[in-house]
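Observations on the three-dimensional arrangement
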Amino acid sequence: MGMGKRTNLIRKSSPRARLSLRMLAAVLCAVLLLAFVPGCTPVPQRYEVTYLSLFDTVVTIVLYADSEAEAQEAFRALYNDLVRYDALFDIYDDHPGINNLKAVNDNAGKAPVAVDPELFSLISFGKEVYVLTDGRVNIAFGSVLSLWHDARTAGIENPDAAALPERAALEHATEHTDIENVILDEAAGTVFLADPELQLDVGAIGKGYAAQLACDNARARGITSMLLNLGGNVCALGTRADGEPWRIDVQDPDDPAAALCTVELADASLVTSGGYQRYYTVAGERYHHIIDPETLMPADYEKAVTVMHADSGLADAFSTALFNLPYEQGRALAEENGVSAVWELRDGSTEWLGIVPVE
């Protein structure tokens, strides 16, 4: 009798019971389907890392990834990229196994130097930038910049003996800054400095160019949301994971702890040039590191210029170019090249072109 009852219960169920089973099956199917709907995939998480050993500055990378393992893999690849560019673009130290900018400079007037593609393209880019900026950014200006670098370094180390470079030395050096003496052989992949006293210095474009290369590499590896801050050269890859633009503070040159404004950035770069961070003091007066090619002295037109551009290398170049020009001339150059910028003028006023601050 017991077996008969159990068999009868299995064979028969009430309409309500059958409906409940169908409803349960439908719910389970819906849950399974939702698991494969894009909107229900795990939300990417924010990861951040800071490096202190690259480009003689602070480098910060923020990105969104589905897991820590994915983020760490991306960080390792980006770090390796930046280590490589730091070595290639270095004018002060030799690096085993590569011909970097120092090697090119060491061979000025002697022989062409075979260089890696990234360095060749940087120097080629530098020659293009010279034309775009009407000569306000000249990578062949190294002989002049080295005199200022040496004077600034000595003045910081021994403030009581701080001095300006000799004027005669500056004028002699400027005779060896002709960009046409930078000879590129694309087929051979070589760079030759035809003037033995010419020296390359990519300080006005190097970090921006490296940041753009790194962001392009990250994109090729599948990263879609990243912010790279290479010592103030900020390169945004895509937007934040929530689809909103990145928000970046523009530093106030009168107060390094404050923001002049906040701007939104998506698939673009932001670079500021100013004389308020790298400088030394002679007889109570500050002398910063951005040298006007016309006067051979630190540019004294504005307090700071910030540029926004889709290309980080061009943002870097034009921020220097505009800082090296009076406001009206700089604005005309920016408009001619489709550059967005904000100027902090000497009188404390601010001028805007194509950049809208966040309220």
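Here is what the cut-offs are and how they apply
Within every chain, residues take consecutive numbers counted from 1 along the sequence as written. Note on the predicted model: pLDDT of at least 70 is required for a residue's local features to be given, and 80 or more for side-chain atom pairs to be given and counted; whole-chain, interface and lining totals, by contrast, use all residues. Side-chain measures were taken over the full set of non-hydrogen atoms in the model, leaving aside hydrogen atoms and water. Any two strands with at least two DSSP-identified bridges between them are counted as paired. We count a stretch as a helix when DSSP gives it H or I for four or more residues in a row; a strand needs E for two or more, and each element gets its number in order from the N terminus. The term salt bridge refers to a side-chain nitrogen of Lys or Arg lying within 4 Å of a carboxyl oxygen of Asp or Glu. Relative accessibility decides the category of a residue: with a 1.4 Å probe and only protein chains considered, values under 20% of the type maximum give buried, values over 50% give exposed, and everything between is partly exposed. The contact rule is simple, with two residues in contact once any of their heavy atoms fall within 4.5 Å. Here an axis means a line fitted to C-alpha atoms, over the contact stretch when the element is a helix, while the angle between two N-to-C directions is reported on a 0 to 180 degree scale. Any Phe, Tyr or Trp ring, taking Trp's six-membered ring, that has another such ring centre within 6.5 Å forms a pair; planes under 30 degrees apart are called stacked, those over 60 apart edge-to-face, and the others tilted. Cavities and pockets are defined on a 1 Å grid built over the protein atoms alone: a cavity is a set of grid points where a 1.4 Å probe fits but cannot escape, while a pocket is an open set with protein on both sides within 12 Å along at least five of seven lines, and lining residues are those with an atom within 4 Å of any such point. Grid points are joined across faces, edges and corners, and a volume is the space filled by probe spheres set on the points. Side-chain classes are defined by residue name, with Ala, Val, Leu, Ile, Met, Phe, Trp, Tyr, Cys and Pro counting as nonpolar, Asp, Glu, Lys and Arg as charged, and the others, Gly among them, as polar. Angle categories are assigned with fixed cut-offs, so that under 35 degrees is roughly parallel, over 145 is roughly antiparallel, 65 to 115 is roughly perpendicular, and the rest are oblique. Only buried Ala, Val, Leu, Ile, Met, Phe, Trp, Tyr and Cys residues count toward a nonpolar core, and they belong to the same one when joined by side-chain atoms within 4.5 Å.

Let's talk about the pairing of strand β9 (residues 255-265)
Along any regular strand the residues' side chains alternate between the sheet's two faces. Direction of pairing for strand β8 (residues 246-252) relative to β9: antiparallel, over a ladder of 7 bridges. When the bridges of β9 are listed, Q251 appears paired with A259. Between β8 and β9, which pair antiparallel in sequence order, lie 2 residues.

Quick notes on the pattern of salt bridges
All told, the structure shown has 14 salt bridges when counted by the stated rule. Between R84 and E118 there is a salt bridge; the shortest N-O distance is 3.0 Å. Of the two residues, R84 sits in helix α3 (residues 68-88) while E118 sits in helix α5 (residues 117-132), which places them 34 residues apart along the sequence. Owing to a relative accessible area of 33%, R84 belongs among the partly exposed residues under this scheme. Across the pair D292 and R136 runs a salt bridge whose closest N-O atoms are separated by 3.1 Å. Residue D292 is found in the loop between β12 (285-288) and β13 (302-309), and its partner R136 is found in the loop between α5 and α6 (142-157); the two are separated by 156 residues along the sequence. With respect to class, D292 is no different from R136; both count as buried.

Some details on the environment of L198
Note on placement: L198 falls in the loop between β5 (190-193) and α8 (206-220). In this structure, the C-alpha to C-alpha distance between L198 and D178, residues 20 residues apart in sequence, is 7.8 Å.

Brief notes about the sheet that holds strand β3 (residues 113-114)
Read across the sheet, 3 strands follow the order β3-β5-β4 without closing on themselves; strand pairing throughout is antiparallel. Because the sheet does not close on itself, it has two edges, and the strands there are β3 and β4 (182-185). The strands touched by α5 within the sheet are β4 and β5, with β4 carrying the most contacts at an inclination of about 130 degrees.

Brief notes about the packing of aromatic side chains
A full pass over the atoms with the stated rule returns 7 aromatic pairs. Here Y327 and W343 contribute two aromatic rings whose centre-to-centre distance is 5.0 Å and whose plane-to-plane angle is 85 degrees, an arrangement assigned as edge-to-face. Taken together, the residues span a long stretch of sequence, with Y327 in helix α10 (residues 327-336) and W343 in strand β14 (residues 340-345) at a distance of 16 residues. Across the pair, exposure class does not vary: Y327 and W343 are buried alike. One aromatic cluster is present, built from ring pairs that chain together W148, Y280 and Y287.

Structural notes on the layout of surface pockets
Here the second largest pocket is characterised by a volume of approximately 310 Å³. In terms of lining, the second largest pocket is formed by 16 residues, of which the most central are G275, R286, H288, D300 and R346. Going through the elements one at a time, β12 and β13 are the ones with two or more residues in the lining of the second largest pocket. Ranked by the residues each element gives to the lining of the second largest pocket, the list is headed by β12, at 4 residues. In the lining of the second largest pocket, the residues fall into 7 nonpolar, 2 polar and 7 charged.

A word on the packing of helix α9 (residues 312-323) against α10
Relative orientation of the contacting elements α9 and α10 amounts to 150 degrees, with a least axis distance of 8 Å. By the angle between their directions, the pair α9 and α10 is classed as roughly antiparallel. The segment α9 lies against α10, with F318, A321 and L322 engaging G330, L333 and A334. Split by residue class, the contact of α9 with α10 holds 5 nonpolar, 1 polar and no charged.

Re the nonpolar core
Ranked by internal contacts, the top residues of the largest apolar core, which has 74 residues, are I61, L63, F89, I205 and M226. Once you skip the residues sitting within four places of it in the chain, F89 turns out to touch F55, L101, E118, L119, L122, V202, G206, Y209, A210 and L213. Listed in part, the 16 residues of the second largest apolar core include L227, I248, V250 and A268.

What to know about unusual backbone geometry
Even without glycine at this site, D56 takes up a positive phi of about 55 degrees. For D56, the location among the structural elements is in the loop between β1 (45-54) and β2 (57-65). Using a relative accessible area of 80% as the deciding quantity, one classes D56 as exposed. Even without glycine at this site, D134 takes up a positive phi of about 55 degrees. With respect to the helices, strands and loops of the structure, D134 is situated in the loop between α5 and α6.

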